[in-house]
Amino acid sequence: MLKRASVLPEPTSPLDVSAPLSVRNLTVAYQDMPAVSAASVDVQAGSLTAIVGPNGAGKSTLLKAALDLIPRREGRVAFWGRPFKAARRRVAYVPQRAAVDWDFPATALDVVLMGLYAEMGLVRFARRRHKEKARAALARVGMGDLADRQIGRLSGGQQQRVFLARALAQDADLTLLDEPFAGVDAATEAAIVDVLRDLNAAGRTIVAVHHDLGSVTSIFDRVILMAGRVVAAGPTAEVFTPDLLEATYGGRLAVETFPEEGRRP
Amino acid sequence: MSDFVMLSLMPMVVGTAAALACALVGNFLVLRRQSLIGDAVSHVVLPGIVAAFLLTGVVAPIPMLAGATVAAIVAAGLIALVRRAGGVEPGAAMGVVFTSLFAAGVLLLETSGARSVHLDVEHALLGNLESLIWFEGLGWSALLDPSALAAVPPQVWRLIVVLAIVSAFVVLFWKELVLGSFDPVFAATVGARPALFDAALMLLTAVVAVFAFEAVGSILVVAMFVCPPAAARLMTDRLVPQVMWSLAFAVLSAVGGYVLAGYGPLWLGYQSSVSAAGMIAVVSGLILAAACVAGPRRKGTRSIGAPA
């Protein structure tokens with residue numbers, strides 16, 4: 001039943017230098033509690049990949065550890081064969097919406113401009129072309145009219161779209177999203193899917209931590225199944241199977257297929 | 001009116017510069033929900049300042065800063081120790097360490113020779129604005145007279161330099177400070193070095209606390225860190241206007257507080273004036289209260305966007 005797991009890279013195998021993100025033997029622990037154990041996986045260039053697994057499976061942790069946001073206990077990570085520091089400009093990260101204080105005195109445009117940080121450089125300010133770029137990114141997520149609204153006055157879905165627009169402004173080859181569909185309305189979900197598909201059609205690679213098993217097959221062409229370790233990874237049709245999901249979720253699958261309120265089945 | 005230049009001008013300049021520097025830093029502390037860091041730092045530095053004075057015998061900025069820094073490091077170590085040894089939560093450990101160090105500073109002041117000079121308990125707590133007399137300031141023309149300017153109390157220049165440093169830091173690293181305050185995780189991914197700027201902000205908070213200590217005292221400095229920015233947040237939903245409002249409130253508190261302390265009791269028929277630093281803090285508190293009641297962006301007036 002775990003045949004697929006055997007196609008995962010060996011922990012000791014070399015990093016895949018062509019992969020936008022390549023991980024070997026990654027272990028992360030929070031105060032001796034392992035969150036991710038010996039994960040080895042390659043993200044295929046040009047893919048639209050979902051990271052799927054139960055709560056506490058280490059999905060977000062995998063992304064954060066790859067991005068040097070939390071210390072790794074063990075393991076190697078590379079973006080196109082290079083450390084994250086050297087590949088920063090090609091990678092965009094969309095944190096969970098709940099990770100920030102939306103009461104912050106900033107407009108949607110202010111937040112999207114943060115995506116142009118690397119372009120602006122130290123001790124420089126946003127110029128007109130930066131603002132135009134940021135407004136264009138907001139327009140792409142259907143938020144053109146709300147650019148000057150304070151972010152606390154936006155709905156949850158609109159806030160999520162602001163985050164996505166910030167990533168768009170970064171114009172990255174690889175975009176990593178942490179639960180972009182958590183608690184958003186149907187219109188926002190559709191808008192986000194459209195944007196991700198557009199990016200993907202333009203050859204960009206997308207990786208999203210995803211909770212909603214019902215929409216995996218319709219959105220993503222590849223899946224990484226996680227349960228502390230990487231259970232399986234590959235094309236959706238091969239990996240998103242009942243037996244592998246059973247292996248990932250154990251007895252909790254029934255609960256997860258009928259998600260609680262706020263998530264669309 | 002020549003009295004004003006001699007007796008009141010320099011205290012007002014020092015009070016205003018201290019309030020402005022505190023408010024600039026305070027905006028970011030308030031946004032990061034770290035307002036009490038200002039309080040904590042101002043408490044912790046007291047024993048360091050006193051110890052530096054006892055060792056060097058002078059009230060000079062470099063030893064004071066060094067003492068304050070050492071005190072801050074000792075505090076950090078003690079907090080870690082109390083947490084580990086006592087197994088208590090971080091908030092409790094901090095509360096115990098900050099107040100203990102502050103108490104130690106007060107005891108040190110009372111029992112040592114520091115008491116007889118400029119440093120005594122009252123001044124440490126309430127500042128020493130009224131003592132900043134400009135003896136050569138015989139009129140406004142003294143502002144253009146080099147020999148008179150040479151007699152300006154040194155605290156004035158110190159605070160002006162501190163204000164200039166804080167202003168330059170905030171303007172130059174505006175993007176990094178904003179990004180690190182709003183979304184430190186994202187800031188790290190784009191290379192905006194949030195940890196570095198977090199440390200820089202803490203260092204600057206300590207510098208401002210040490211120098212404002214001379215002006216408004218170590219307890220009231222927290223009011224200057226928190227009240228103007230908190231009131232400003234209730235006036236606007238944009239950060240640049242918020243900072244501008246906070247600066248305006250800082251000036252209003254410093255000047256208004258000083259004037260009220262000096263003349264308010266006389267207007268009410270009392271014979272003596274009250275503590276200027278205390279009145280400055282009171283005015284800043286009243287401004288915050290007014291903003292809570294009437295500020296256009298207070299919580300109750302916010303429309304929540306369309307439901308998610």
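In case you missed it, the structure is sitting above this.
Computed from a predicted structure; not experimentally measured.

Trainee: Before we move on, can you summarise the overall build of chain B with the specific residues and values?
Mentor: Across its full length, chain B holds 13 helices and zero strands. Ordering the α and β elements of chain B from the N terminus gives α-α-α-α-α-α-α-α-α-α-α-α-α. Taking 308 residues into account, the globule formula puts the C-alpha radius of gyration at 19 Å, and chain B, at 20 Å, falls close to it. Taking the principal axes of its C-alpha atoms as reference, chain B extends roughly 65 × 45 × 40 Å. Restricting to contacts in chain B with at least 6 residues of sequence separation, those with at least 24 account for 71%.

Trainee: Lay out the sheet that holds strand S9 (residues 229-235) of chain A in plain terms, naming residues and giving numbers.
Mentor: All names here are of chain A. Taken in spatial order, the six strands line up as S5-S6-S7-S3-S8-S9 in an open sheet, and their pairing is mixed. Since the sheet does not close on itself, it has two edges, and those belong to strand S5 (91-94) and S9, each with one partner. Ignoring strand direction, the axes of neighbouring strands in this sheet form an average angle of 15 degrees. Sheet topology note: the S5/strand S6 (residues 174-178) ladder contains four bridges and is parallel. Looking at the pairing, Ala92 lines up with Thr175 of S6. Its contacts with the sheet place helix H10 (residues 242-249) against strand S3 (48-52), strand S8 (222-227) and S9, and it is angled at close to 35 degrees to S8.

Trainee: An account of the sheet that holds strand S2 (residues 33-43) of chain A is requested, with residue identities and associated values reported.
Mentor: Residues and elements named next belong to chain A. Taking strand neighbours across the sheet as the criterion, the three strands line up as S2-S1-S4 in an open arrangement whose pairing is antiparallel. Sheet topology places S2 and strand S4 (74-78) at the edges, where each strand pairs with a single neighbour. Between one strand and the next, the sheet's axes are offset by a mean angle of 20 degrees, whatever the strand orientation. Across seven bridges, strand S1 (residues 21-30) lies against S2 in antiparallel orientation. Looking across to S2, one finds that Leu21 is bridged to Val43.

Trainee: Can you lay out the packing of helix H2 (residues 35-56) of chain B against helix H3 (residues 61-86) of chain B for me, pointing to particular residues and giving the numbers?
Mentor: Residues and elements named next belong to chain B. Two elements in contact, H2 and H3, have axes separated by 7 Å at closest approach and are oriented at 135 degrees. Classified by the angle between their axes, H2 and H3 sit oblique to one another. Between H2 and H3 lies a crossing of right-handed hand. Residue-level inspection shows Val44, Val45, Gly48, Ile49, Ala52 and Thr56 of H2 in contact with H3, the latter providing Pro63, Met64, Gly67, Ala68, Ala71, Ala72 and Ala75. Looking at side-chain class alone, the contact of H2 with H3 contains ten nonpolar, three polar and no charged residues.

Trainee: Tell me about the packing of aromatic side chains, and name the residues and values.
Mentor: For any pair of aromatic rings, the description consists of the separation of the ring centres together with the inter-plane angle of the planes. Under the defined criterion, the tally for this structure stands at ten aromatic pairs over all chains. When the centroid spacing of 5.5 Å and the interplanar angle of 40 degrees are considered together, the rings of Trp245(B) and Phe249(B) count as tilted. Taken together, the residues Trp245(B) and Phe249(B), both in helix H12 (residues 239-267) and four residues apart, mark about one turn of the helix. Over the face of the ring belonging to Trp80(A) we find Arg90(A), whose NZ or CZ atom lies 3.7 Å from the ring centre.

Trainee: Would you mind going over the nonpolar core in detail, with residue names and values included?
Mentor: Side chains that are nonpolar tend, in soluble globular proteins, to be buried together. By size, the foremost hydrophobic cluster in this structure holds 136 residues, and its most contacted members are Leu138(A), Leu225(A) and Val166(B). The element best represented in this core is helix H1 (residues 2-31) of chain B, accounting for 18 residues. In this structure Val166(B) touches Ala21(B), Leu24(B), Val25(B), Leu204(B) and Val208(B), once residues within four positions along its chain are discounted. Membership of the second largest hydrophobic core comes to 32 residues, among which are Leu63(A), Ala65(A), Ile224(A) and Ala233(A).

Trainee: An account of a nonpolar patch on the surface is requested, with residue identities and associated values reported.
Mentor: All names here are of chain B. Among the surface-exposed residues, Val70, Val74, Leu78 and Leu81 lie close enough to one another that they form a single nonpolar patch of about 330 Å² accessible area. Following the sequence through the fold, Val74 ends up in helix H3. Relative accessible area serves as the criterion here: at 42%, Val74 is assigned to the partly exposed category.

Trainee: Give me the lowdown on the side chain of Ser284(B), citing residues and values where you can.
Mentor: Residues and elements named next belong to chain B. Tracing the backbone shows Ser284 in helix H13 (residues 276-294). For Ser284, a relative accessible area of 1% gives the class buried. Residues in contact with Ser284, not counting those within four places in the same chain, are Ala223, Met224, Cys227 and Ser253.

Trainee: Tell me about H12(B), and please be specific about residues and values.
Mentor: Within H12(B), the axis deviates most sharply at Ala261(B), by approximately 40 degrees, and proline Pro265(B) lies no more than four positions further along. Following H12(B) by one or two positions, Gly269(B) adopts a phi angle in the positive range, close to 95 degrees.

Trainee: Quick one: what's the story with the environment of Phe135(B), residue by residue and with numbers?
Mentor: Residue and element names in this part refer to chain B. Positionally, Phe135 belongs in the loop between helix H5 (121-126) and helix H6 (146-149). We classify Phe135 as exposed; its relative accessible area is 59%. Considered as a pair, Phe135 and Pro153 are 18 residues apart in the sequence and their alpha carbons are 9.1 Å apart.

Trainee: Residue-level account of the pattern of salt bridges, with values.
Mentor: Tallying each qualifying case throughout the model produces 14 salt bridges over all chains. When the shortest N-O distance is used, the salt bridge between Arg90(A) and Asp173(A) registers 2.8 Å. Taken together, the residues Arg90(A) in the loop between helix H2 (84-87) and S5 and Asp173(A) in the loop between helix H6 (156-170) and S6 connect sequence positions 83 residues apart. A residue is classified by how much of its surface remains accessible, and Arg90(A), at 33% relative accessible area, is partly exposed. Among the charged side chains, a network of salt bridges with common partners joins Asp103(A), Arg153(A), Arg233(B) and Asp237(B).

Parameters and conventions
Residues numbered from 1 in each chain as written. Chains lettered and ligands numbered in written order. Predicted model: local features only at pLDDT ≥ 70, side-chain atom pairs only at ≥ 80, totals over all residues. Heavy atoms only, no water. Helix = DSSP H or I, 4+ residues; strand = E, 2+ residues; numbered from the N terminus. Rg over C-alpha atoms; globule rule 2.2 N^0.38 Å. Contact = heavy atoms within 4.5 Å. Pairing = 2+ DSSP bridges. Axes fitted to C-alpha atoms, helices over the stretch in contact; angles between N-to-C directions. Parallel < 35°, antiparallel > 145°, perpendicular 65-115°, else oblique. Left-handed = near helix turned anticlockwise from the far one by under 90°. Nonpolar A, V, L, I, M, F, W, Y, C, P; charged D, E, K, R; others polar. Phe/Tyr/Trp six-rings, centres within 6.5 Å; stacked < 30°, edge-to-face > 60°. Lys NZ or Arg CZ within 6 Å of the ring centre and 35° of its normal. Core = buried A, V, L, I, M, F, W, Y, C linked by side-chain atoms within 4.5 Å. Buried < 20%, exposed > 50% of the residue type's maximum accessible area, 1.4 Å probe, protein only. Patch = residues over 30% accessible without salt bridge, like charges linked within 9 Å, V, L, I, M, F, W, Y side chains within 5 Å. Areas by Shrake-Rupley, 256 points an atom, 1.4 Å probe, with all protein chains shown as cover. Salt bridge = Lys/Arg side-chain N within 4 Å of Asp/Glu carboxyl O. Bend = angle between axes of the 7 residues up to and from the residue.

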